[in-house]
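Below are the chains, spelled out letter by letter.
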Amino acid sequence: MLDEQALMQALNSTPVMDGRRQDLWRDDHEVDRWAREHGGLGGEEERRWLRTARDALQEVEAGTSAGPRLRGVLAGVRKVPQPGASGIEWQLEVPPERRLAVELVLAWADVKERMPGRLRPCGNPECRLFLLDRSRANTARWCSMKTCGNRLKARRHQARARETPRPE
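The following paragraphs examine the structure supplied in this document. (Residues numbered from 1 in each chain as written. Predicted model: local features only at pLDDT ≥ 70, side-chain atom pairs only at ≥ 80, totals over all residues. Heavy atoms only, no water.)

Right, let's get into the pairing of strand S3 (residues 78–84). Pairing of S3 with strand S4 (residues 87–93) involves 7 bridges; the strand directions are antiparallel. Opposite Gln-82, over in S4, you have Glu-89 as the bridge partner. The turn linking S3 back onto S4 is made up of 2 residues. (Pairing = 2+ DSSP bridges. Helix = DSSP H or I, 4+ residues; strand = E, 2+ residues; numbered from the N terminus.)

Right, dumping it as structure tokens:
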């Protein structure tokens, strides 16, 4: 099963660089590399499902409805209980090319349940990254204080300085 680190890698695979949105998963080799690192097979169908799941999750987290696409990823999927050494284990029944995409959605659902309100888009409107706020107060706003946080604070400071009348 995918963990929250894999989820964040997938969600943050469309960063803004030099003012332009990049899609790191546009390159088939990159998606296949990520998939294989997480137990996937690689291949055209798996890539298509992974991109669909990632795009839908990004839209949901950005406040846009992506229900039909998520339903498509999850259609016909079942979790079946199996007795195991440590109790009941849940086996995912899903076509192999869709397994990682389903696991991505399940990792997202797990984070939303365990850490409500902690997964969110960066507060910088020019950024396309997401953050998982682990602060005690749940007040993190930026994917990185070093990049987005400092930039926005500097812009606000400059705007206030311009608005303040200068003595003559």
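Right, picking up where we left off after that structure.
A separate point is the nonpolar core. Counting residues in each nonpolar core, the largest one holds 31 residues, and the members touching the most others are Leu-7, Trp-34, Leu-50, Leu-57, Leu-104 and Leu-119. Broken down by element, the residue count for this core peaks at 8 residues, all from helix H5 (residues 99–114). Residues within four places of Leu-50 in sequence aside, it is in contact with Trp-25, Val-31, Trp-34, Ala-35, Leu-100, Ala-101 and Leu-104. (Core = buried A, V, L, I, M, F, W, Y, C linked by side-chain atoms within 4.5 Å. Buried < 20%, exposed > 50% of the residue type's maximum accessible area, 1.4 Å probe, protein only. Contact = heavy atoms within 4.5 Å.)

Once that is clear, we can look at the packing of helix H4 (residues 67–74) against H5. Relative orientation of the contacting elements H4 and H5 amounts to 120°, with a least axis distance of 9 Å. By the angle between their axes, H4 is oblique relative to H5. The two elements H4 and H5 meet at a crossing, and its hand is left-handed. Residues Leu-70, Val-73 and Leu-74 of H4 touch H5, and the partners they reach there are Ala-101, Val-102, Val-105 and Trp-108. Partitioning the contact of H4 with H5 into residue classes produces 7 nonpolar, no polar and no charged. (Axes fitted to C-alpha atoms, helices over the stretch in contact; angles between N-to-C directions. Parallel < 35°, antiparallel > 145°, perpendicular 65-115°, else oblique. Left-handed = near helix turned anticlockwise from the far one by under 90°. Nonpolar A, V, L, I, M, F, W, Y, C, P; charged D, E, K, R; others polar.)

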